Amino acid sequence: MFLEDNELRNYLLGLHPRKRKLVKKLVSEARLEFTSGSWVMTDEATTHFYSMLDQIIEGHQWLKSNIGVTPKSSWSIDTFGHGPVAPYLMRSSGLNNTVTQRMHYTWKQWLAAKQADDFIWRQTWDSHGHSDILCHNFPFDIYSIKHSCGPHPNICVNYDFRKIRGEFTEYGMKAEPVDKMNIKEKAEILLEEYGRSASLFQHNVVLVPIGDDFRYDKPEEWDQQYINYKQLADYINKNRDVYNTDISFGTLSDYFSSVRSRQKSFTTIQGDFFVYSDIFTDGIPAYWSGYFTTRPYWKAMTREVEANLRAVEILYSFASQRARQTGSHFWSRILDKEYTSLSSARQNLGLFQHHDAITGTSKENVMLDYGQKLLTSLKITDNALNIAASSLLSREGQFVDLTSDIERQSFGDSPVRIRVNEQGRKARVVLYNSDPHFREEVIKVKTSSPYVLVKDPTGTVITHQINPVWTLVNDDAHSEHGELFYSKNNFEVVFIANLDPLSLALYEVIGQAESSNTAIATVYKNGKLDNRNVPFDQQKVKEGDIQLENSKMKVRFDGRSGLMRSITLKSTGRTTECQLVFGAYQSTQFRSGSYLFKPDVSTDKPYIDILNDQKKEIIIVTGPVQSEVTVLYGSLLIISFVVYHKPGSILESGVHIEHFLDISGKYRETEVFMRFLTDIQNYKQKSDNPVFFADINGFQIIERKKLAQAGIEGNYYPITSAAYIEDSSRRFTVLVSRAHGSTGFYKGGVEVMLDRRMMYDDGRGMGEGVVDNKNTLSKFWIVLEDKVQTKDEIPKLSLLSHRLSNALLYPTKLFLVEDGEVAHKRLNLITKPLPCDVNMVNFKTLADEYEVPSQEALLVLHKIGYSCNIESVIDKCAVNNNETFYSSTEFNGIYVSEIFKTSLSGLHDNELIKSFDKVQVPTMELRAYKLRY
């Protein structure tokens with residue numbers, strides 16, 4: 001059995017062509033099976049479903065092109081807990097079976113007692129079983145030979161026959177080769193273990209893997225394992241009348257075929273298997289909830305790559321087909337050449353979804369290599385975006401030179417915005433909205449002068465705001481603290497762009513003569529005012545609490561800490577307390593590490609007030625576009641709260657939060673969190689445990705109930721896009737831009753882990769602590785909503801939260817026009833928007849057998865489910881309940897000859913669709929369509 005296409009590709013590249021043919025021969029004879037077919041065995045907690053699916057598509061397409069194989073079953077035995085999204089994606093890609101391993105030991109006990117280690121895994125919204133997949137869960141603790149033959153490791157270790165000269169191992173010392181003298185005894189002992197395992201299943205079929213990590217790396221082991229097990233199998237089969245057993249080598253497909261022939265009905269299970277737990281040597285549960293947050297800089301960067309890759313896949317598909325269909329050989333050659341680089345970016349992103357990569361659970365030098373690959377992919381996708389956009393915006397025979405507005409010199413750096421405007425010049429920026437819906441996007445550009453105006457594609461001057469760019473001046477080289485002053489040569493221009501669905505739009509930032517400018521922000525500081533000649537109106541922060549407001553809400557901040565205290569919705573006048581607290585748990589040495597989370601409960605305080613000893617400075621910046629409270633806590637934390645001013649816009653419906661957190665240096669055994677404490681009663685009675693809701697892979701929401709006996713470490717769950725709490729009248733939602741651990745352990749509370757730094761290993765395989773922390777940017781939306789009804793429904797985000805989350809995850813791309821004439825001030829790539837509840841997950845050009853762009857593209861659509869208990873009226877964002885496309889929707893400038901309904905990875909075409917009008921995606925589901933030109 002072979003699993004990960006990333007490793008398979010490397011393996012095949014090193015083989016002689018004759019041996020490659022032998023591999024294909026083994027497959028054709030059903031002696032070798034490729035399971036999953038994905039690029040890697042992906043993590044199932046911290047990944048977003050876009051990246052999970054993308055690495056499945058990349059793997060399946062590669063496997064079909066190079067080996068001619070379509071996988072049938074999935075193999076996911078080393079991920080640290082299991083969620084429902086991975087099996088859903090596999091089932092929707094044409095696979096019928098899956099195998100799992102790591103789940104909480106109490107789940108294993110329950111499944112064993114019910115003889116349900118083979119069960120049907122069903123999605124929570126699926127009442128008819130369309131998404132059902134047969135799942136086999138290994139009943140033992142781990143997949144090594146020592147544990148896989150049965151319940152007694154001290155027996156199973158005697159059946160690991162690897163003996164390599166110079167190696168000193170437990171199995172090498174204990175296991176004796178099979179011979180005529182011991183074969184009867186060894187066969188019968190082994191059969192006893194197999195029988196105990198078989199008793200856990202109704203069908204009496206046992207699947208036993210023979211291997212482990214880093215095995216079969218020596219030719220001798222292949223012979224040692226095969227010869228010894230072959231002798232045992234032959235002996236048992238020869239005495240079938242005595243042992244009533246048939247034993248053979250087989251593939252995963254062989255196992256599931258046998259199971260399905262013997263058992264017709266299975267236990268059905270919905271939900272997930274987080275949090276995974278094994279046991280410390282003293283019998284205390286060890287919860288694997290630390291990796292949900294470990295190494296947040298990497299987790300944030302992979303989402304940047306994901307957003308870039310999705311944006312360029314869509315734009316590239318339009319650009320390459322327009323070039324081909326209009327006969328532009330110049331752009332066709334350039335875009336075809338760029339496709340190879342895009343494949344590399346996809347594969348790098350896919351590689352990082354590995355369960356020891358995005359989790360942050362590899363050694364420091366390995367994580368650095370992953371980081372370099374992600375940075376390379378960012379640069380590749382930035383360049384490809386520039387080229388694709390240029391091809392669409394250039395006049396015939398001309399070239400528009402575009403570049404990204406963001407620069408990141410090396411891995412570990414924070415992104416830096418490039419200045420767009422020199423004194424007195426006109427700067428042009430192109431905005432690319434990859435969302436198939438109308439969008440209002442907050443755009444920020446850096447200029448050299450505060451005296452500018454902004455024009456939209458129609459030439460209309462639009463509202464904008466000039467903010468200061470801050471410089472930290474530190475007079476004492478040994479001090480962690482400094483004073484903030486305005487930059488003399490840099491200013492931030494902020495405006496809200498109204499963007500059409502799937503479009504490119506040209507905006508202009510035009511320098512003006514120095515004059516009074518109402519767009520210049522007013523600045524309030526509690527620190528030292530800048531006494532230089534600056535264009536900003538400066539004032540001291542007044543004593544007492546701080547309030548920001550727009551047409552929809554008032555947000556109050558503590559005047560001493562600068563942190564949020566409450567939100568008042570103007571529609572009802574009701575105030576909801578939502579006090580923000582930053583704190584840090586002290587890690588238990590050797591028990592809290594890259595994988596595990598175990599706070600030290602022996603200390604006097606439940607957590608450390610990590611902000612207490614930090615020098616604090618509060619800055620308020622207000623203007624016509626936004627009002628912002630920024631608080632600096634020494635070198636540890638810079639946090640900003642933003643309220644936008646755009647009546648009728650969804651941007652006014654939440655508080656946008658960004659912060660940089662840096663716990664490198666002096667901190668150790670420190671796990672930093674951000675906690676919102678509200679007066680929302682997320683429990684039925686005061687004696688009840690609280691309930692909170694967390695997304696899983698950005699695809700669905702799962703209810704989480706507090707289990708007090710598991711401690712806070714057992715109540716931490718992964719979130720990749722959202723968490724919320726609610727009572728009968730209100731909902732409080734936290735939208736996130738990357739993976740975090742999160743909990744609703746406290747009544748009325750939502751807690752999000754931000755970063756972790758541990759000096760010691762937790763004994764789960766990495767072999768070192770986590771001390772390579774970096775200054776990391778995190779982004780959030782806080783959304784408070786009134787409920788209009790309390791109808792029972794499966795948990796779902798509101799339509800508003802979906803829209804804000806989408807903007808957070810897939811922001812508008814900004815290009816600087818360096819040179820050339822832009823042919824289109826506004827270029828729409830689709831004739832109509834998609835309904836507000838339909839997302840375009842991807843629209844990617846597929847490769848042909850020579851790994852160059854083909855005449856086919858894969859369109860993946862998602863019809864989201866949204867809560868009916870929250871008002872869902874959004875301007876320019878209607879829901880079309882029964883249709884996926886509005887009537888007569890077309891892609892502009894592209895002729896599509898055929899549309900086929902296909903599996904998610906594009907390997908199983910099954911229905912010809914006449915037009916987009918006939919496309920139907922059920923609510924909550926993903927569907928894929930193959931477009932042929």
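The shown structure was predicted, so the numbers you read here are calculated from the model rather than taken from an experiment. Every chain is numbered independently, its residues counted from 1 as its sequence is written. Given that the model is predicted, a residue must reach a pLDDT of at least 70 before its local features are reported, and side-chain atom pairs must reach 80 or more before they are shown or counted; all residues, however, enter totals for whole chains, interfaces and linings. Calculation of side-chain values draws on the structure's entire complement of heavy atoms; hydrogens and water are dropped beforehand.

Undergrad: Provide a residue-level description of the overall build of the chain, including the pertinent values.
TA: Helix and strand counts for the chain stand at 16 helices and 44 strands. This radius of gyration counts C-alpha atoms alone. The globule rule is 2.2 Å times how many residues there are, raised to the power 0.38. Relative to the globule expectation of 30 Å for 933 residues, the C-alpha radius of gyration of the chain, 29 Å, shows essentially globular dimensions. The principal-axis extents of the C-alpha atoms in the chain amount to approximately 100 × 75 × 55 Å. Only heavy atoms matter for contacts: two residues are in contact if any of them lie within 4.5 Å across the pair. For the chain, contacts bridging at least 24 residues in sequence account for 73% of all contacts bridging at least 6. Going along the chain from the N terminus, every DSSP run of H or I of four or more residues is numbered as a helix, and every run of E of two or more is numbered as a strand.

Undergrad: Can you break down a nonpolar patch on the surface residue by residue, with the values?
TA: Residues Tyr226, Ile227 and Phe249 make up a contiguous nonpolar surface patch of roughly 310 Å² in combined accessible area. Residue position: Ile227 is located in helix H10 (residues 219-238). When its relative accessible area of 45% is taken as the criterion, Ile227 is described as partly exposed. Here a patch means residues that are over 30% exposed by relative accessible area and free of salt bridges, tied together within 9 Å if like-charged and within 5 Å if nonpolar (Val, Leu, Ile, Met, Phe, Trp, Tyr). Reported accessibility uses the Shrake-Rupley method at a 1.4 Å probe radius. Residues are deemed covered only where the shown protein chains occlude them. Definition used for salt bridges: Asp or Glu carboxyl oxygen within 4 Å of a side-chain nitrogen of Lys or Arg. Type-normalised accessible area, obtained with a 1.4 Å probe on protein chains alone, sets the label of each residue: buried when under 20%, exposed when over 50%, and partly exposed for intermediate values.

Undergrad: Any chance you could break down the nonpolar core for me, citing the residues and the numbers?
TA: Most often, soluble globular proteins keep nonpolar side chains buried together rather than apart. The biggest cluster of nonpolar side chains holds 174 residues, and the ones touching the most others in it are Leu504, Met564, Ile567, Phe641, Phe732, Phe843 and Phe891. Once residues lying within four places of it in the same chain are set aside, the contact partners of Phe843 are Glu313, Ile314, Ser317, Phe318, Ala857, Leu858, Leu859, Phe891, Leu931 and Tyr933. Residue types Ala, Val, Leu, Ile, Met, Phe, Trp, Tyr and Cys, when buried and joined through side-chain atoms within 4.5 Å, form a set referred to as a nonpolar core. Membership of the second largest hydrophobic core comes to 32 residues, among which are Val429, Leu484, Val534 and Leu814.

Undergrad: Account for the side chain of Ser434, naming residues and giving values.
TA: Within the secondary structure, Ser434 is located in the loop between strand E12 (426-433) and strand E13 (439-447). A polar atom in the side chain of Ser434 sits 2.7 Å from the side chain of Arg310. The contacts of Ser434, once residues within four sequence positions are left out, are Arg310, Ala311, Ile314 and Leu502. Counted as a polar contact is a pair of N or O atoms within 3.5 Å, where, for protein atoms, one must be capable of donating a hydrogen and the other of accepting one, and residues adjacent in sequence contribute only when both atoms are in side chains.

Undergrad: An account of unusual backbone geometry is needed here, citing residue identities and associated values.
TA: Backbone geometry follows two general trends: most residues other than glycine have a negative phi, and most peptide bonds adopt the trans configuration. Each neighbour pair has its own omega, and for Phe274 with Val275 the value is 10 degrees, a cis peptide bond. With respect to the helices, strands and loops of the structure, Val275 is situated in the loop between strand E5 (267-270) and strand E6 (277-279). Of note, Tyr216 is a non-glycine position whose phi angle comes to about 55 degrees, a positive value. Tracing the backbone through its elements, the reader meets Tyr216 in the loop between helix H9 (183-198) and H10.

Undergrad: An account of empty space enclosed by the protein is needed here, citing residue identities and associated values.
TA: Using a 1 Å grid laid over the protein atoms alone, points where a 1.4 Å probe fits but cannot get out form a cavity; open sets with protein on both sides within 12 Å along at least 5 of 7 lines form a pocket; any residue with an atom within 4 Å of a point counts as lining. Grid points are joined across faces, edges and corners, and a volume is the space filled by probe spheres set on the points. Evaluated as defined, the whole model comprises eight cavities of 30 Å³ or more. By volume, the largest cavity amounts to about 350 Å³. Taken together, 25 residues form the lining of the largest cavity, with Phe49, Gly698, His802, Asn839 and His862 sitting closest to its centre. If one sorts the elements of the lining of the largest cavity by residue count, helix H16 (residues 799-809) sits on top with four residues. The nonpolar class holds Ala, Val, Leu, Ile, Met, Phe, Trp, Tyr, Cys and Pro. Asp, Glu, Lys and Arg form the charged class, and all remaining residues, Gly among them, are polar. For the lining of the largest cavity, the per-class residue count stands at twelve nonpolar, ten polar and three charged. If you add up the space inside the second largest cavity, you get close to 210 Å³. Glu58, Gln61, Trp62, Tyr339 and Ala847 are, among the 16 residues lining the second largest cavity, the residues nearest its centre. The greatest single-element share of the lining of the second largest cavity, amounting to six residues, is contributed by helix H3 (residues 49-66). Of the residues belonging to the lining of the second largest cavity, the class tally is five nonpolar, six polar and five charged.

Undergrad: So what about the packing of aromatic side chains? Which residues, and what values?
TA: Only centres within 6.5 Å qualify two rings of Phe, Tyr or Trp (six-membered ring in Trp) as a pair; their planes then separate them into stacked at under 30 degrees, edge-to-face at over 60, and tilted for everything else. For the coordinates displayed, the defined rule picks out 55 aromatic pairs. When the ring of Phe843 is compared with that of Phe891, the centres are 5.2 Å apart and the planes differ by 50 degrees; the resulting orientation is tilted. Of the two residues, Phe843 sits in strand E40 (residues 838-847) while Phe891 sits in the loop between strand E41 (853-863) and strand E42 (898-902), which places them 48 residues apart along the sequence. Aromatic ring contacts, followed pair by pair, group Phe80, Phe274, Tyr276, Trp288, Tyr291, Phe292 and Tyr595 into a single cluster. Here, a charge over a ring means that NZ of Lys or CZ of Arg falls within 6 Å of the ring centre while also lying within 35 degrees of the ring normal. Cation over ring: Arg295 sits above Trp298, and NZ or CZ is 5.9 Å from the ring centre. Across the ring face of Tyr683, the terminal group of Lys747 is positioned such that the distance to the ring centre comes to 4.7 Å.

Undergrad: Before we move on, could you go through the UniProt feature "domain: Glycoside hydrolase family 38 central" (unreviewed entry) in the chain and cite the residues and values that matter?
TA: UniProt positions are given in the numbering used here, feature names are shortened, and annotations may be inferred rather than shown by experiment. Mapped onto this structure's residue numbering, the UniProt feature "domain: Glycoside hydrolase family 38 central" (unreviewed entry) falls at residues 286-374. Secondary structure content for residues 286-374 is 73% helix and 2% strand, and the end C-alpha separation is 31 Å.

Undergrad: Please give an account of the sheet that holds strand E29 (residues 670-678) that cites residues and values.
TA: Ordered by their spatial adjacency, eight strands build an open sheet running E21-E22-E23-E24-E29-E36-E35-E32, and the pairing between neighbours is antiparallel. This sheet does not close on itself; its edge strands, each paired only once, are strand E21 (546-549) and strand E32 (717-719). Ignoring which end each strand starts from, the neighbouring axes of this sheet average 25 degrees apart. With two bridges connecting them, strand E35 (residues 740-743) and strand E36 (residues 749-757) associate as antiparallel partners. Bridge assignment links Thr743 to a residue of E36, and that residue is Glu751. What makes two strands pair is DSSP finding at least two bridges between them. Axes, fitted as lines to C-alpha atoms, cover a helix only where it is in contact. Angles between the N-to-C directions of the axes lie from 0 to 180 degrees.

Undergrad: Break down the pairing of strand E17 (residues 483-499) for me, citing the residues and quoting the values.
TA: The buried fraction of E17 amounts to twelve of the 17 residues, a majority that puts the element mostly inside the structure. Pairing geometry for E13 and E17, over nine bridges, is antiparallel. Note that in E17 the partner of Arg439 across the bridge is Leu499.

Undergrad: Describe the sheet that holds strand E2 (residues 97-100), with residues and values.
TA: If you walk across this open sheet you meet the five strands as E1-E2-E4-E3-E5, and the pairing is mixed. The strands lining the two open edges of the sheet, one partner per strand, are strand E1 (73-76) and E5. Averaged over neighbouring strand pairs, the angle between their axes works out to 30 degrees when direction is ignored. As paired strands, E2 and strand E4 (residues 133-137) are joined by four bridges and run parallel to one another. Paired with Thr98 across the two strands is Cys135, which belongs to E4.

Undergrad: A description of a positive patch on the surface should follow, citing residues and the corresponding values.
TA: Residues scored as charged are limited to Lys and Arg (positive) and Asp and Glu (negative), so that His and the chain ends carry no count. Lysine's charge is taken at NZ, arginine's at CZ, aspartate's at CG and glutamate's at CD. Residues Arg18, Arg20, Lys21 and Lys24 make up a contiguous surface patch of positive charge. The residue Lys24 is located in helix H2 (residues 17-28) in this model.

Undergrad: So what's going on with the packing of H3 against helix H14 (residues 329-352)? Which residues, and what values?
TA: For any two helices packed against each other, the geometry comes down to the angle between their axes and how far apart the axes lie. In the contact formed by H3 and H14, the axes pass within 9 Å of each other and the chain directions differ by 120 degrees. Our classification of the angle between H3 and H14 gives oblique. For the pair H3 and H14, the crossing hand works out as left-handed. When H3 is examined against H14, the residues Tyr50, Ser51, Asp54, Gln55 and Glu58 are found in contact with a partner set consisting of Ser343, Arg346, Gln347, Leu349 and Gly350. Its residues placed into classes, the contact of H3 with H14 shows two nonpolar, five polar and three charged. Should an angle fall under 35 degrees it is called roughly parallel, over 145 degrees roughly antiparallel, and 65 to 115 degrees roughly perpendicular, with every other angle called oblique. Should the near helix be turned anticlockwise from the far one by less than a right angle, the crossing is termed left-handed; should it be turned clockwise, right-handed.

Undergrad: Tell me about the environment of Ala307, and please be specific about residues and values.
TA: Residue position: Ala307 is located in helix H13 (residues 296-325). Spatially, the C-alpha atoms of Ala307 and Tyr810 are 5.2 Å apart, while their sequence positions differ by 503 residues. Those residues in contact with Ala307 that lie beyond four places of it in its chain are Leu809, Tyr810 and Pro811.

Undergrad: Tell me what's going on with the state of the cysteines, and back it up with residues and numbers.
TA: Any two cysteine sulfur atoms within 2.5 Å of one another count as a disulfide. Under the counting rule described, the total for this entry stands at two disulfides. Across the disulfide, Cys149 is cross-linked to Cys156 (sulfur-sulfur distance 2.0 Å). Every disulfide takes its handedness from the sign of the S-S torsion; for Cys149 and Cys156 that torsion is -90 degrees, giving left-handed. Just as Cys149 is buried, Cys156 falls in that class too. Through a disulfide, Cys836 is tied to Cys877; the S-S separation comes to 1.7 Å. The sign of the 85 degrees torsion about the S-S bond sets the Cys836-Cys877 disulfide as right-handed. You can see Cys836 sitting in the loop between strand E39 (826-828) and E40 and its partner Cys877 sitting in the loop between E41 and E42, a full 41 residues away along the chain. When its relative accessible area of 0% is taken as the criterion, Cys836 is described as buried. Cysteine pairing for the chain, with bonded cysteines counted in sequence order: 1-2, 3-4. Left unpaired, Cys868 is separated from the closest cysteine sulfur, that of Cys836, by 14 Å.

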